[in-house]
Amino acid sequence: MWGKTMKRFCAAVTAACLLLLSGCGVIQDSKGTGRDVPVSTLNMNDVDSMGSTKKAAVYFLNSEGRTLTADLRLLSVEQDLNPAVSAVKALLLGPSNSSLTRVAPDGVSLDFIEFSNGVANIYLKGSAADMPPDAKYIMEMAIANTVSDILGAAAVSVFYNNLREGFQGYPCAPLKKQTGDVYVAYNNAKANYLPPGETPQDTETPAPAASPHPTAGDEQPSPNETASAGPAPADIATVLYFTAASGDYILPSVRTVKYLPSSPDDKAAYVSAIIDELKKGPNNTNMMNSPLASGVSLIGAPVVTDNGDGTCNVALNFSAPPSDASYEGSKSMLLSYAAIVYSITGFVPFVREVHIFVNGVPAQLDAVNGGTKRSDFFGYIGSSAPLYFQYADSGLLLEVSRSMEQGKIWSALERVRALMRGPQKGDPANINAVKIGDMKEEDILSVKVYNDTAYVNLSEGFKEACADISAQNEMLLVYAIVNTVTAMDGINKVQFLVEGKQTRTLAGHLCLSDPFLKNYGIIKNIG
């Protein structure tokens, strides 16, 4: 009995020491650690203008012109912006090293980037039509390598003026990061995607025949994920979009799809196969749902219409509304349309519009807009971010994956405000909110990032709500914010402010004078 009591006492003392050590966000200097600094005002506008920097590898052709080489850069990243944006912009401008060769022509610029579930969509503006096919493919490979390094992307698709062009006009898999000879990769892609006899004019750089035994990374894409030449059955890795289980967004998933076109230009067959795959539903049924309600099917084959300018439109006639929503203008219905349109326009080359009919009658959105474009659904893609909530009634935090609009996923402010909204539909049942009383998401006035520190600026009302809370609740609240923010790449510390001023404490239990580091010891491990 005595031994058990001593063990519990020692454990409690150890936990208290850890809490005290982590509570004051220890910073060492000549005046000591965890000191009680005078309250001062921080100019948040200056922090906002400074932004942050990030080391990144930007890829270009090396002096031999046959492999892609990383040009290491220290990039300036704007507040709340995907860091890959700065990296791709640097790529399009050209290398900083004279031994490397530019891969992008003048007149091509970055529009924006979507990133979710390891899938990156890169939207370029301007014309690349005059680029030789091999040079264009090499530029896209350089973009894929750059984006994959900085985001960890596993699948990268490039769009020109909101249109997916595929591989020289034919459907193809998204790109992956690769190493090795770029012309081996290009020739592999030609063999995989172009029909027999299709021999486009390349640059003057001689391209060797595809190696019968390519080295690791040379295959782009790999034979078991890509099409065989001509109208034979083709297995191609395809980005499909499903509705999030939360009912708020669409989410991408990469799946190998078998296509059975009657000819290489049989776009209707590609569209039909995509609809069939969407009906099967997602592999991850915890996170996603099919955008097509049970029993919904196509009436007849998709109709593909040539627009006369190199683009085409696709018409789909469904037996019933795609979603089982109670009314057509609901968010559920719009998400179904978004998933269908994104899946088709992200794979079938040069599809400008998708027209959706139900028993021959134009769907409401189609009737209003005269056809739906991919751009009609920009902002509908979600992504997931880790937020930390109280685990059951314990003194621990549980990491919860929360779906958010992917454009907001880079904002520390949006993540903390999502935390303040509390548990949502689809979250685990064993979590509790960490906010106190009447706290609102608007009580998080701002979160500004400078170098590796996030400055979380709270309202006076936020601090007043903390006045009488327990030490455990104050600890959970503070570290829920700290752990949520430091989960973002490049942020290591969190400094709390109240109305732009440093504060000694919120409820009197934790010292907030100095920045906080992530507290791993307070996280509940599930497994």
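The notes below deal with the structure included here. (Residues numbered from 1 in each chain as written. Predicted model: local features only at pLDDT ≥ 70, side-chain atom pairs only at ≥ 80, totals over all residues. Heavy atoms only, no water.)

Some remarks on the overall build of the protein chain
Cut-off, in case you're wondering: Only DSSP runs of H or I with at least four residues qualify as helices, and only runs of E with at least two residues qualify as strands; both kinds are numbered from the N terminus onward. Under the scheme applied here, a residue whose accessible area is under 20% of the maximum for its type counts as buried, over 50% as exposed, and between as partly exposed, the area being computed with a 1.4 Å probe on protein chains only. Computed with a 1.4 Å probe, the accessible areas rest on the Shrake-Rupley method; for each residue, only the protein chains presented here act as cover.
Summing up its helical and strand segments, the protein chain has eleven helices and 23 strands in all. Here the protein chain holds 527 residues, and the buried ones make up 51% of them. Only carbon and sulfur atoms are counted for the fraction: they give 52% of the accessible area of the protein chain, which is about 23000 Å².

Focus on the nonpolar core
In plain terms, the rule: Only buried residues count toward a nonpolar core, which is a set of Ala, Val, Leu, Ile, Met, Phe, Trp, Tyr and Cys residues joined through side-chain atoms within 4.5 Å.
One finds Ile122, Leu124, Val147, Ile275, Leu316 and Ile344 to be the most contacted residues of the largest nonpolar core, which totals 105 residues. It is helix α4 (residues 133-151) that provides the largest number of residues to this core, a total of ten residues. Counting residues in hydrophobic clusters, the runner-up holds 47 residues, among them Tyr391, Val456, Ile481 and Phe516.

Thoughts on the pattern of salt bridges
The cut-off we apply is this: One side-chain nitrogen of Lys or Arg within 4 Å of one carboxyl oxygen of Asp or Glu is enough to make a salt bridge.
In total, this model carries 13 salt bridges according to the counting rule given. One salt bridge in this structure joins Glu353 and Lys373, with 3.2 Å as the shortest N-O distance. Of this pair, Glu353 sits in strand β14 (residues 351-358) while Lys373 sits in the loop between α8 (364-369) and β16 (382-391); the two residues are 20 residues apart in sequence, bridging distant segments of the chain. When its relative accessible area of 13% is taken as the criterion, Glu353 is described as buried.

Comments concerning the sheet that holds strand β9 (residues 234-244)
Test applied: Strands are treated as partners if at least two bridges between them are detected by DSSP. Contacts: residue pairs with any heavy atoms within 4.5 Å of one another. To get an axis, a line is fitted to the C-alpha atoms, and for a helix only the part in contact is used. The angle between two axes follows their N-to-C directions and goes from 0 to 180 degrees.
What the three strands build is an open sheet, ordered β10-β9-β11; its pairing is antiparallel. The sheet is open, and its two borders are formed by β10 (250-259) and β11 (288-289), each paired with just one other strand. Two elements, β9 and β11, share two bridges in a ladder whose sense is antiparallel. Residue pairing across strands places Ala244 opposite Met288, the latter belonging to β11. Of the strands in this sheet, β9 and β10 touch helix α7 (residues 331-345), which is tilted by about 160° from β9.

A short note on the sheet that holds strand β15 (residues 361-362)
What the four strands build is an open sheet, ordered β12-β13-β14-β15; its pairing is mixed. Of all the strands in the sheet, just β12 (303-306) and β15 have a single pairing partner and so form its edges. Sheet topology places strand β13 (residues 312-318) next to β14; seven bridges connect them, and they run parallel. Bridged to Leu316 within β14 is Ile356. Docked against the sheet, α7 engages β13 and β14, running at close to 140° with respect to β14.

Some points on the packing of α4 against helix α5 (residues 182-193)
Counted only if it meets this: Throughout, the term roughly parallel applies to angles under 35 degrees, roughly antiparallel to angles over 145, roughly perpendicular to angles from 65 to 115, and oblique to all others. Handedness of each helix crossing follows the sense of rotation of the near helix against the far helix: counterclockwise by less than a right angle gives left-handed, clockwise gives right-handed. Under this grouping Gly is polar, as are all residues other than the nonpolar Ala, Val, Leu, Ile, Met, Phe, Trp, Tyr, Cys and Pro and the charged Asp, Glu, Lys and Arg.
Axis separation between α4 and α5 bottoms out at 10 Å; the angle between their running directions is 110°. The orientation of α4 with respect to α5, classified from their angle, is roughly perpendicular. Between α4 and α5 the crossing geometry is right-handed. Across the interface between the two elements, Pro133, Asp134, Tyr137, Ile138 and Met141 of α4 pack against Val182, Tyr183, Ala185, Tyr186 and Ala189 of α5. Of the residues contributing to the contact of α4 with α5, the split by class is nine nonpolar, no polar and one charged.

Description of unusual backbone geometry
Excluding glycine, residues mostly carry a negative phi; peptide bonds, for their part, are mostly trans. Although it is not a glycine, Asn161 adopts a positive phi angle of roughly 50°. Along the polypeptide, Asn161 turns up in the loop between β7 (155-160) and β8 (163-164). Positive phi values are uncommon outside glycine, yet Gln168 reaches one of about 55°. Along the chain, Gln168 falls in the loop between β8 and α5. What makes Gln168 partly exposed here is its relative accessible area of 27%.

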